[in-house]
Amino acid sequence: MNTAGHSEATVPRGLELTPFRGLRYDPDRVGSLAAVTSPPYDVVVRPDGLHHLQDADPHNIVRLILPQATTPSARNEQAADTLRRWVAEGVLTTDPEPGLYVYEQRHDDGMLQRGIIGALRVSDPSEGVVLPHEDVMPHVVADRAALMRATSANLEPLLLTYRGNGSAPTSKVVESTAQRPPLLATTTEDGYSHRLWAVTDPADLADVRSDLSHHQALIADGHHRWATYRLLRAEHPSPSAWDHGLVLLVDTARYPLRVRAIHRLLHGLPVADALAALDGLFRVQRLDVPLAEAQAALADAACAGNAFLLAGDGAFHLVDHPDPALLARTIPTDHPTAWRTLDATVLHATLLDHVWHIPEDSPAHIAYIHDTAATVEKAERDGGTAVLMHPVREEVVRDLARQGVTMPRKSTSFGPKPASGLVLRALEL
């Protein structure tokens, strides 16, 4: 993926990836490494997801990234106490010397992804070094910031992409390191195998640092956490450990990511009411078919224009062919055509704001869910409406990022995402 807004050769400073002393689980102190991992905090969405992970092992990382208590302050203090206790008990131990970490994910469907984890210098979008492509929700940034302040730790890495090539020094370090025995290897219940290696050789670290200084990156997953890094950096006089944040960098010239949609669950809006409000504004077709067939119909419709699937009443409803006059009066005109025609733009500006009158940043009204089946199941269980999206094309994301245009929040889901719990960064180390 081309992640440049300017050509990469003109980036004045580029990516600065710094070694750190990783905080990792002692495999002898936990049931299994797989049992203590979790998807990123915002992907724990299935109906029993949180409880399932908590029950998998008493030391599952979800107890740090999604602590459970009656108030936000109590949750964050609980996470901080848990982290301190696990370190004191030796459940989490610090690697003896600073390093970068090569991380590999593999699946039996043929997917292989390798990247490098480190502490990246935090920069503002105006620097053109780390480019966002989505807007963020302030309340989520505030929540993540409070957790990071309490724990003084980066608990899970962001996923960033850059455009390198197979003969570059970083690629050589990644590939040669992956031929050695790993620090850890485990397979999680989703079928992904994970391996991690430390890179501590000074020559390798110097090669990576020099190579990456000529590149810029696109945020693939973790916009809210990157915004949190920026917020916390601004709160602490520089230099400090808050000048850097934990990331996984993947060269998508060698390992292209997969792009999936993020769906919406509208609380308190029954499907019948959602459909009634669309009368005369969109074409609506009822589909009494399985989920896979409904998604195929959505994909076909999306080739011709904006299209969505509504679910929650036992059927699927294909919503497409919006009234051009409706779009003309609801879509802002001060953005490029590629932005104005995004499904996410039409959903937020036209459907949520104008037709359904649902605030997009209110957790009481809307949830953002990655898993398609879970979104439908939650809507049917709760009496709400699931809005299923078709993935945006990768080249659209790239082109908008080049122009410095951010997409509506939660427009894309790049993957595979790094598992949380394999390596943490404690800021006092």
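Note that the structure is predicted; figures quoted are calculated from it, not measured.

Novice: Give me a negative patch on the surface: which residues, what numbers.
Specialist: A cluster of acidic residues, Asp313, Asp371, Glu377 and Glu380, forms a negative patch on the protein surface. In this fold, glutamate 380 is placed in helix H14 (residues 372-382). Look at glutamate 380 and you get partly exposed, because its relative accessible area is 42%.

Novice: Lay out unusual backbone geometry in plain terms, naming residues and giving numbers.
Specialist: The residue after serine 238, namely proline 239, is reached through a cis peptide bond having omega 5°. By the secondary structure assignment, proline 239 is in the loop between helix H8 (223-235) and strand E12 (244-251). Geometrically, the link from glycine 415 to proline 416 is a cis peptide bond, its omega value of 5° lying close to zero. When you line up the elements, proline 416 lands in the loop between strand E20 (413-415) and strand E21 (425-426). With a phi close to 50°, histidine 321 is a non-glycine residue in the positive phi region. A positive phi angle, close to 55°, is found at histidine 357, a residue other than glycine. With respect to the element layout, histidine 357 can be found in the loop between helix H13 (343-355) and strand E18 (366-369).

Novice: Let's hear about the packing of helix H6 (residues 169-177) against helix H7 (residues 202-212): which residues, and what values?
Specialist: Direction vectors running N to C along H6 and H7 enclose 140°, while the axes themselves pass 8 Å from each other. The orientation of H6 relative to H7 falls into the category oblique. Where H6 approaches H7, its residues Pro169, Thr170 and Val173 are matched on the opposing element by Asp204, Asp207, Val208, Asp211 and Leu212. The class makeup of the residues in the contact of H6 with H7 is four nonpolar, one polar and three charged.

Novice: Describe the packing of aromatic side chains, with residues and values.
Specialist: One pass over the structure, following the stated rule, counts three aromatic pairs. Measuring from centroid to centroid gives 5.3 Å for phenylalanine 20 and tyrosine 101, while their planes differ by 55°, and the two rings are tilted. Placement of the pair is phenylalanine 20 in the loop between strand E1 (17-18) and strand E2 (23-25) and tyrosine 101 in strand E4 (residues 100-106), with a sequence separation of 81 residues. Overall, tyrosine 101 belongs to the buried group, its relative accessible area being 1%. Summarising the aromatic geometry, the rings of tryptophan 226 and tyrosine 229 are spaced 6.0 Å apart at their centres and angled 70° between planes, so their arrangement reads as edge-to-face. Here tryptophan 226 pairs with tyrosine 229, and both are found in helix H8, just three residues apart, close to one helical turn. By the burial criterion, tryptophan 226 is buried, and tyrosine 229 matches it. The side chain of arginine 144 reaches across the aromatic face of tyrosine 41, ending 4.0 Å from its centre.

Novice: Kindly report on H13, identifying the contributing residues and their values.
Specialist: Across its 13 residues, H13 extends only 15 Å between first and last C-alpha, which sits more than 12% below the 18 Å expected from 1.5 Å per residue. For H13, the buried fraction is high: eleven of the 13 residues fall into the buried class. Among the residues of H13, Asp343, Ala344, Thr345, Val346, Leu347, His348, Ala349, Thr350, Leu351, Leu352 and Val355 are the ones counted as buried. Where the residues of H13 are buried, they touch strand E14 (263-266), strand E16 (307-311), helix H11 (324-330), helix H12 (337-340), E18 and strand E19 (385-388). Trailing H13 by a residue or two, histidine 357 shows a phi angle of about 55°, which is positive.

Criteria and cut-off values
Residues numbered from 1 in each chain as written. Predicted model: local features only at pLDDT ≥ 70, side-chain atom pairs only at ≥ 80, totals over all residues. Heavy atoms only, no water. Patch = residues over 30% accessible without salt bridge, like charges linked within 9 Å, V, L, I, M, F, W, Y side chains within 5 Å. Areas by Shrake-Rupley, 256 points an atom, 1.4 Å probe, with all protein chains shown as cover. Salt bridge = Lys/Arg side-chain N within 4 Å of Asp/Glu carboxyl O. Lys, Arg positive; Asp, Glu negative; His and termini not counted. Charge placed at Lys NZ, Arg CZ, Asp CG, Glu CD. Helix = DSSP H or I, 4+ residues; strand = E, 2+ residues; numbered from the N terminus. Buried < 20%, exposed > 50% of the residue type's maximum accessible area, 1.4 Å probe, protein only. Axes fitted to C-alpha atoms, helices over the stretch in contact; angles between N-to-C directions. Parallel < 35°, antiparallel > 145°, perpendicular 65-115°, else oblique. Contact = heavy atoms within 4.5 Å. Nonpolar A, V, L, I, M, F, W, Y, C, P; charged D, E, K, R; others polar. Phe/Tyr/Trp six-rings, centres within 6.5 Å; stacked < 30°, edge-to-face > 60°. Lys NZ or Arg CZ within 6 Å of the ring centre and 35° of its normal. Expected span 1.5 Å × (residues − 1).

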